[in-house]
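# Structural overview for review
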Amino acid sequence: MMLSRNKSGGGGGGGSFVPLSEWIHRALGCATNDCDLEVVSSDAYIIPALRIALSLAEQIYQADKESSNNLQVILPTPDSNWSSKVVVQLDDDDDAKKPSPVGQLGKNEDNNPDSRLLNDIIDHEICPENYVHGGGDVDRDGNTSYLAVTCAQLLSTEAGADNRDNTPQEKLRRIHSLGLVFYEVFSGGNRPLLHGNEVCSELDGNFDPLPMGELNNDEMNLADALKIFDDLDEGLHEPQKKAVLSRHPAISSEQLKMKNIPGPLCDLVANMIDCISIEFSDSEAYRSMSDILVDLQLMMDKPAIFLRGIDLNKISSSDIHFSDSLFGRERELSVVTTAHQRSLLSLGEKELLVITGPAGSGKSYLSQRFGHYVTASRGLFLSAKFDQLKQARPLSALASVFNDYCETLLIGVGGEKRAASLASELRSRLSGDVIYLTKIIPSLVNILGRNTCVSLDEDNNCTDAQQRLQFLLCHFVEAITISSSAPITVHLDDLHNADDASIGVINQLIFTFKSTQKIFFLVSSREDEKLWKLLANLSHFEVPHIQIKMDNLDELAINKTLSELLQISPRLTRPLSSIAHHKTRGNALFFSHWIMSLSREGLLHPSLSRRRWVWDEDEIRRAKLPDDVAMFFRNAIYKLPGDVQKALNVMACFGASLDGALTNSLERALLMQLVMPLNVAVNEGLLDKINDQYRFCHDCVQEAAYNMITPEEKCLHHFQHGLSLAKLYLSEVPLGQDNDDILFAAVNQLNLGGPAALEALEESFIVSTLNLTAGKKAMGMSDFKAAYSFFDNGISFLRKKHWQQHYGLSLELFCLAAKCALATGDFVSLKLLSEQVLKNANTFEEKIPVIYCSVCALTCSGQMLEGAEQIILILSQLGEPLPEQTSSSTMLRIVSQTVDRLENYSISELKKLERMNDPIKKITMLFLKTLHFCFFIINPDMQPIVTTKMIQLTLSHGMCETSPLAFALFGSMLGKLGNVKKGYHYTNLAKQLVEENIFYESTGIVIASAAQLSCYVEPVQAVLPFFLEACERSMSAGDAATACVSILYYCNEAYIAGEALPTLKEKCSEARQLMKRLSHFSALSHLVTIERHLQSLMGASWEGLHHGEEEEAEETNPHTIFFSIVYSMSNNFMFRRYNASKSIVQRFLALNRVDWTLMFGQSDVTYIFGLTAFWINRVSKEQSWKKAGVRAKEAMKGWTNSSKWNFEHKLFLLDAEENFCAGNFDESKILYDKAIKSAKEHRFVNGEALACELAGYFYLELGEKNNAKDYFVMAHERYVTWGALGKAAALYQKITREDSISISLK
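Numbering of residues starts from 1 in each chain and follows the order in which that chain's sequence is written. For this predicted model, a pLDDT threshold of at least 70 governs which residues receive local features, and a threshold of 80 or more governs which side-chain atom pairs are given and counted, while totals over whole chains, interfaces and linings are taken from all residues. To obtain the side-chain values, all non-hydrogen atoms of the structure were used and water was disregarded.

### What about the environment of Leu-380?
- In this structure, Leu-380 sits in strand 5 (residues 380-385).
- Each C-alpha atom of the pair Leu-380 and Thr-481 lies 9.3 Å from the other, and the pair is 101 residues apart in sequence.
- Those residues in contact with Leu-380 that sit more than four places away from it in its chain are Val-374, Tyr-405, Ile-480, Ala-486, Pro-487, Ile-488 and Thr-489. Put simply, DSSP H or I for four residues or longer makes a helix, DSSP E for two residues or longer makes a strand, and each gets a number counted from the N terminus. Any two residues whose heavy atoms approach within 4.5 Å at even a single point are treated as in contact.

Below, the structure written as structure tokens:
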């Protein structure tokens, strides 16, 4: 029977209606020709049947909600024929065959208040995921598919029908009646067999009504028969307990189950029908229609969990785990994935997401789930987990994850191609410096090739090796992003345990490096000072970031987790969730392991008869539980066998993880089993085993295992473990097995034990020697902070009178510790160590290394005069005395003699000079290099003496690391003396020396020094990139000071070169971040001066520039004062402040600073000084100013001979201003135009703008306002093009207000 189409009916649009009984018959026919048991239980039938059930339940729920006494629906009773009162609406357009979103099934998206309330109910229990469900197919006769269900409706009562009140009892009766309807729908047309009811359904012929034997009546109640399995279940768990969730249904759901209808669906129907039975109703029976709606919706949304139920063939009493659970963190995971996708869509902009929360709140677990998402999306997920007990080896967490990446890079299809791409990128970025990375990332050798990785020069003296290593690691990350097609995610787990060196790398990656590829940073950490500082920096540097604060789980989240875990309706798990929340206080780690412990103890177990998990609430409530998660895990460990406890104690002493190789070494060293007991702990859920590495599932477990050892015993445990490993290491070294991992692990354990654990005198010498060896290896890795820790610990293990008994060991430990203290900036420790060496060393030569370290500490702390005085004294003791006073003529004679001596060598002969082997001469060169830097600040007159002595030592004793710098400084000095061509010759030689002789340490400073003189020969725009290269080379060499100075040079020279000011602003911002991070406030104070000048030029286009007190602290430095005066002179001239210009120029002349090095900035100082002098001359008529301007013009003429590109337009403008002063107006007109043309041809927009402006003032003074107006308009346009909007606005105001020229600007 087919009813007519209802054009305006509710429930989802128009369609044909059929009675329920007909729909059941025809739907089964659509699914298959034979209406057998398998068809009833198939998805093709159950899914549309669920749609029918859901729509009927929603109608009754809405009727209940209205609380009306006139409910216009009729529901069946057991003795009525209700099938004709329920109709099913079909979709004749067959739209239901298409996949339907959840919202179309039960969650309505319209504005109906009833629909919104239903949505609220469903969302309150479980926020459904967007699963996709399909409909049925068209039947074989081509008729409308009966599987394409839109909804079902209960027909309205006829007029005068007997309407019942909407009382609670009546609501339960409606639930009961609807259950009868559901039974018929899901059974394929059968009626339920009720206790004490004459109405029964006819059983299918193949259905055995008494599978468990004859019963006393005609009822078919398999639940009673199968109840014996509950007794069997409980017999397996002593003592016997009463299962709260056991039940005796008023109808037999087994009738449905024997048709293979899913168990949860059978239970839902039975619990609906049972709700009015006093005898059979229990805690599972439904009490509200909203609960039914929620359960039906969950079956539709998550059928694998809530419809299918558990598979008893694949589950055991201990088979309960949380591997797929999100613990109610769906929203948090969505935030992370959305941020990640946003980062991918951005143009390489870094984004950082920070997950914070207390221990056990699920920070690491959420990160791991996100990692699975990244890898499934074919992204690269690099996770570094920091370990508090492994801080003796800084950078070990980062190095470990990078090493793992290199190992896996070669695996699989295309591995060699990927490795070759990474190797090429690293070589192009780092050249020979890549060798330092191989020391901490051993697997990188396999990618680069062993021939690439030559041995390190032991004489390398890294100024700041820690900075170098951090810089190289950052370049390694960037190389990965460029060589890999996959987007990168860097996960920093447990940041609160990170060492300072790792924090330095992280700061560089986040705040300094601007990767061209997409990179996403994920941080998980407890809240502490490190995290607060990171968050403050993120805000300060305006790095895009999101913080997710993980709190403990609320009861709703716990219930959702338990419901999905046990695959039971959330209404049934609420009591257990309430107990769980009360006992664990919502700590995710505590909660998950508590549930697993309930399973192990039999308080939570699968029931064969119920075919699901059951539990005993009373017993669970009575069970005692520790107050905190640490005690819970400690108790869990105490329940394990003794050998497992000992193995966990041993592992806990080594930190959060233990790799397979070290585990095997420990077994040999300690003569005990570890692998088998640790595997037991893995099975108990306390450890994770990833490849061959054992990891505590959480740091709380590691802390619990570690704290089982008393404080008094911890030192002994560490020391004995370390001593056993040390003996193993020493026994294998003669066999050629120098295993660094065993060495570092042994020394770390020995140092954790401390000197108090020593039991024999000979152990003191052994431990100190091992610390010395470990420290040298750490220095080889450029890890000076770790090296210092090893040397310091080695010293602490020395006994009294160690200088007499172990002189060599003591001297080496103290000297190397002093060197490391200098590299890490620990000047207090350096002073104490140096005093001991100076007091106890036998010879002056043995004292030299710590003396040099002490002098460097003075210069680094700004005590230039004290440092210079000490160096001069040391040089005399080394046989290289310096004259106390020298005249200019003496200086020139020494320079001339050095030039003559160099003339005897060709470039090729200088390149082939032998290496300097005399250690005294090499240290002398280092002293001279430091002295040159001091003299540059405090006494420039003495620079030639130092430079020429360095050249002479090189020619006499050979080439060393400092020699290329000597040639660069010498070339700069010749340029200052007017011989730019010859000076350029020697600076090029210096650059060739650092490249061809592999002098890595001095590369940056040589390139920066040589680039200064190159600006007097080559176009400055082409030279600018060399300053950036010098910065990067200096960072890779660990020379932080030169790196900061080099980028300062870039900012200064880029301004002179006319680089667009917005671009220069960004570069200044990068320079500021670098200088602040490296705490180089001297360079920063110079940068402040440049930024202030740029701010005034750019005007309102540069907002919010602020400088802190520490950035301005260095402004009392003499060189900083001079630099500030130079920029003040330029600013006052640019903004035409005459009185201020005259005053600042007089201050400039009073300083009378004379340098013996030629810097490009000096040419601009000369240029602005000359223009200012001619301006003052025209106003004051004082001829001395004209003479000063002429001297500046003559200097510019000399530089123009070496570089027409850089200086011609400046010479023309100075010449034009001189003729203006002299009254040669016709000549001036020609020269102004030449200056404008030359500046334009050579790409100096700033020079073009200034020349146009000065030409405007020239014509204005001649009274030619129209010509003046034309030049002012051109000047305004060029200033705007340059980005100097503040200057352009000032020019417009001056000429329109003061000079009364009307100008219309675009």
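### Concerning helix 36 (residues 827-840)
- To estimate the expected span of a helix, subtract one from its residue number and multiply by 1.5 Å. Between its first and last C-alpha, helix 36 extends 20 Å over 14 residues, near the 20 Å set by a 1.5 Å rise per residue.
- Among the residues making up helix 36, those that are buried are Ser-829, Leu-830, Leu-833, Ser-834, Val-837 and Asn-840. Taken down its axis, helix 36 places every buried residue within 145 degrees of arc, on the same side. Exposed side chains of helix 36 directed beyond 90 degrees from the buried face belong to Val-828, Lys-831, Leu-832 and Lys-839.
- Close packing links the buried residues of helix 36 with helix 33 (784-796), helix 34 (802-805), helix 35 (807-823) and helix 37 (844-860). When a residue's accessible area, from a 1.4 Å probe over protein chains only, is under 20% of the maximum for its type it is buried; when over 50% it is exposed; and in between it is partly exposed. Note: the arc covers the axis-to-C-beta directions of the helix.

### Focus: the packing of helix 53 (residues 1160-1180) against helix 55 (residues 1204-1222)
- Between helix 53 and helix 55, the least distance of the axes is 9 Å, while the angle of their chain directions is 15 degrees. The orientation of helix 53 with respect to helix 55, classified from their angle, is roughly parallel. The crossing of helix 53 and helix 55 is left-handed. On helix 55, the residues touching Phe-1160, Ser-1163, Asp-1164, Tyr-1167, Gly-1170, Leu-1171, Phe-1174, Asn-1177 and Arg-1178 of helix 53 are Phe-1207, Lys-1210, Leu-1213, Leu-1214, Glu-1217, Glu-1218, Phe-1220 and Cys-1221. Where helices are involved, their axes are fitted lines through C-alpha atoms of the stretch in contact, as for all axes, and angles between N-to-C directions lie from 0 to 180°. Roughly parallel covers angles under 35 degrees, roughly antiparallel covers those over 145, roughly perpendicular covers 65 to 115, and oblique covers all other angles. By definition, turning the near helix anticlockwise from the far helix through less than a right angle yields a left-handed crossing, and turning it clockwise yields a right-handed one.

### Some details on the sheet that holds strand 13 (residues 693-696)
- Pairing between strands is defined by DSSP: at least two bridges between them are needed. Spatially, 11-13-12 is the arrangement adopted by the 3 strands of the open sheet, whose pairing is antiparallel. Two strands in the sheet have a free side with no partner beyond their single neighbour: strand 11 (657-658) and strand 12 (687-690).
- The pairing of strand 11 with strand 13 spans 2 bridges and is antiparallel. Note on strand 13: the bridge partner recorded for Leu-658 is Tyr-694.
- Each of strand 11, strand 12 and strand 13 is contacted by helix 26 (residues 642-653), which is oriented at about 90 degrees to strand 13, the strand it contacts most.

### A word on the pattern of salt bridges
- In what follows, salt bridge is the name for a side-chain nitrogen of Lys or Arg lying within 4 Å of a carboxyl oxygen of Asp or Glu. According to the stated counting rule, one finds 40 salt bridges in the structure shown.
- Between Glu-601 and Lys-639 there is a salt bridge whose closest N-O contact spans 3.3 Å. Remark: Lys-639 occurs in the loop between helix 25 (629-638) and helix 26 and Glu-601 occurs in the loop between helix 23 (588-600) and strand 9 (604-607); sequence separation between them is 38 residues.
- Across the salt bridge formed by Glu-1091 and Arg-1072, the nearest N and O atoms sit 2.6 Å from each other. With Glu-1091 in helix 49 (residues 1081-1098) and Arg-1072 in helix 48 (residues 1061-1077), this residue pair connects regions lying 19 residues apart in the sequence. Both residues of the pair, Glu-1091 and Arg-1072, count as buried.
- Taken together, the salt bridges that share partners define one network made up of Lys-302, Glu-330, Lys-560 and Glu-564.

Purely geometric numbers; function is a separate question.
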